[in-house]
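Summary of structural features
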Amino acid sequence: MSGNEKRGWKALRNPADAPLSARRLLGLHGVRSLPWHSLRTRITLLALATVLIGIWSMMFYVSRVLRDDSQRLLSEQQYSVAKLLADEIDRGIGDRITALEDVASEAATAMTGGPAAMQTLLEHHHHLPTLFNGGVLIIGADGKAIAETAPQSGRVGVSYRHIDTVAMALDDGKTSVGRPVIGEKLLNPVIGMSVPVRDRQGRVVGALAGVTNLAAPNFLDVFTRNAYGWDGGYLLLVAPKHRLIVTASDKRRVMEVLPPQGVNPGIDRYLEGAEGYSILSSPSGTEVLAAVKRIPVPDWYVAVLLPTSTVFAPIRAMEQRMQLAALLLSLLVSGVIWLLLKRQFKPMLTAANALATLTLEKEQAPHPLPVGRQDEVGDLISGFNRLLALLAEREEHLHMFSHIVEQSPESILITGIDRRIIYANAACCAITGYAAGELIGKTPRLLHSGRT
């Protein structure tokens, strides 16, 4: 038997005496002292990491998709609201301009009859006060009011040429809707609409102006009556040309001047003519989801604003529930994987423990290791058992050969590959006169020199 074979059998008889490399080969080194280095722990951690990464990646992906889809859906709904409001306001303004133009077509004739005729004309059109709660004025070519639907207000004789809409009607012959201003007589925020009055030759001889008092009930109340959304939303009607809020669901913001250009790019984008929806920062610094639709006739736009804290509140609540579900699922999967791998590795661990405690006598063949199940692990253990049986049979043959050689009357000397003696039987020792211990490790030259 060679030295390697003897060391191998020594390891099988007493694994604790085996060299470090042999114990590692048998799987006995560090399994108990360093459990984190065990195969079961590594496979368990790898499986857990794979499953947990999959669960949480899916959770974050679904959360992101849900947020994006919800934001798009809410934005489209909010934009639809803005469009409906813009259409309603545009229709209301259009109806009032049409009413003014109808009266203006009669005003040129009435102007030749003097102030009394013009006052009678206005009183004849009973629908005008319902359309313009701030009154309707007939203004002469010099810009002074000649007649009005509410004479008690004291506006007759007052010049309004400095009002932008009146100036456009008188100088350019254009119909226009003005910016919000504080009324000189009403002392409240008002908006005016003016149309030119033309004679039969088409020359502008005056203007007809309708005034809406924003502080009193008016046709824009359908727009500002209620806040938008269930918490914190609000509506704005903005005159982009003047960077001014015409009216709002929050009355404190009526006639509020928006930040100068360049201060808030998100607001600038809509003031410059864009429509649609986006997330931007309001002048107060609140992040809002804004939907904007323009109103062609007065060149205004409707803005429907809702704080993102309100928009995404349901989504955040759902994300929290998803995170809790993912955490519980992670714990459940972790436990199942740990128990499953523990059960799958049990036959291997049983075999490893049996191998670690295996002790053999010289006359004994090694005991086969227990096979738990006939799976891949069972096949591995069965193959190892066959190897043990083969090694036991080989040891028996080697033991018989060693006995025959030892009892042989012939002198037998065995050397290794380094030509040093590794075995000498009794006959050799008797002939040479050397004891076996004296020959082992020496070269055969020792025999040529003879014992002195």
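Here, the structure is the one placed above.
Residues numbered from 1 in each chain as written. Predicted model: local features only at pLDDT ≥ 70, side-chain atom pairs only at ≥ 80, totals over all residues. Heavy atoms only, no water.

Along its length, the protein chain carries 14 helices and 13 strands. By residue count, 40% of the 452 residues in the protein chain fall in the buried class. Carbon and sulfur atoms make up 59% of the accessible area of the protein chain, which amounts to about 25400 Å² in all. (Helix = DSSP H or I, 4+ residues; strand = E, 2+ residues; numbered from the N terminus. Buried < 20%, exposed > 50% of the residue type's maximum accessible area, 1.4 Å probe, protein only. Areas by Shrake-Rupley, 256 points an atom, 1.4 Å probe, with all protein chains shown as cover.)

Among the surface-exposed residues, Leu324, Leu327, Leu328 and Leu331 lie close enough to one another that they form a single nonpolar patch of about 390 Å² accessible area. Turning to its location among the elements, leucine 331 is positioned in helix H10 (residues 313-356). Note on leucine 331: relative accessible area 55%, which makes it exposed. (Patch = residues over 30% accessible without salt bridge, like charges linked within 9 Å, V, L, I, M, F, W, Y side chains within 5 Å. Salt bridge = Lys/Arg side-chain N within 4 Å of Asp/Glu carboxyl O.)

The next thing to look at is the pairing of strand S10 (residues 287-295). With 8 of its 9 residues buried, S10 lies for the most part within the structure. Pairing geometry for strand S9 (residues 276-281) and S10, over 6 bridges, is antiparallel. Looking across to S10, one finds that serine 281 is bridged to glutamate 287. Taking the residues between adjacent antiparallel strands as the criterion, S9 and S10 are bridged by 5 residues, where glycine 285 takes a positive phi near 95°. In the sheet, S10 pairs with strand S11 (residues 300-307) via 8 bridges, with the strands oriented antiparallel. Following the sheet pairing, arginine 294 is matched in S11 by tyrosine 301. The hairpin turn running from S10 into S11, its antiparallel successor, is 4 residues long, and aspartate 299 in that turn takes a positive phi close to 60°. (Pairing = 2+ DSSP bridges.)

Here we come to helix H6 (residues 164-172). Within H6, the full set of buried residues consists of Thr165, Val166, Ala167, Ala169 and Leu170. Positioned one or two residues after H6, glycine 173 has a phi angle of 70°, which is positive.

This next bit is on helix H4 (residues 115-124). Among all positions in H4, only Met118, Gln119, Leu121 and Leu122 are buried. Buried residues along H4 cover an arc of 155° about the axis, so they all sit on one side. More than 90 degrees from the buried face of H4, the exposed residues found are Ala116 and His124. (Arc of directions from axis to C-beta.)

Taken in spatial order, the 5 strands make up an open sheet running S8-S7-S11-S10-S9, and their pairing is antiparallel. Sheet topology places strand S8 (244-248) and S9 at the edges, where each strand pairs with a single neighbour. Taking each pair of neighbouring strands and ignoring which way they run, the sheet shows an average axis angle of 30°. (Axes fitted to C-alpha atoms, helices over the stretch in contact; angles between N-to-C directions.)

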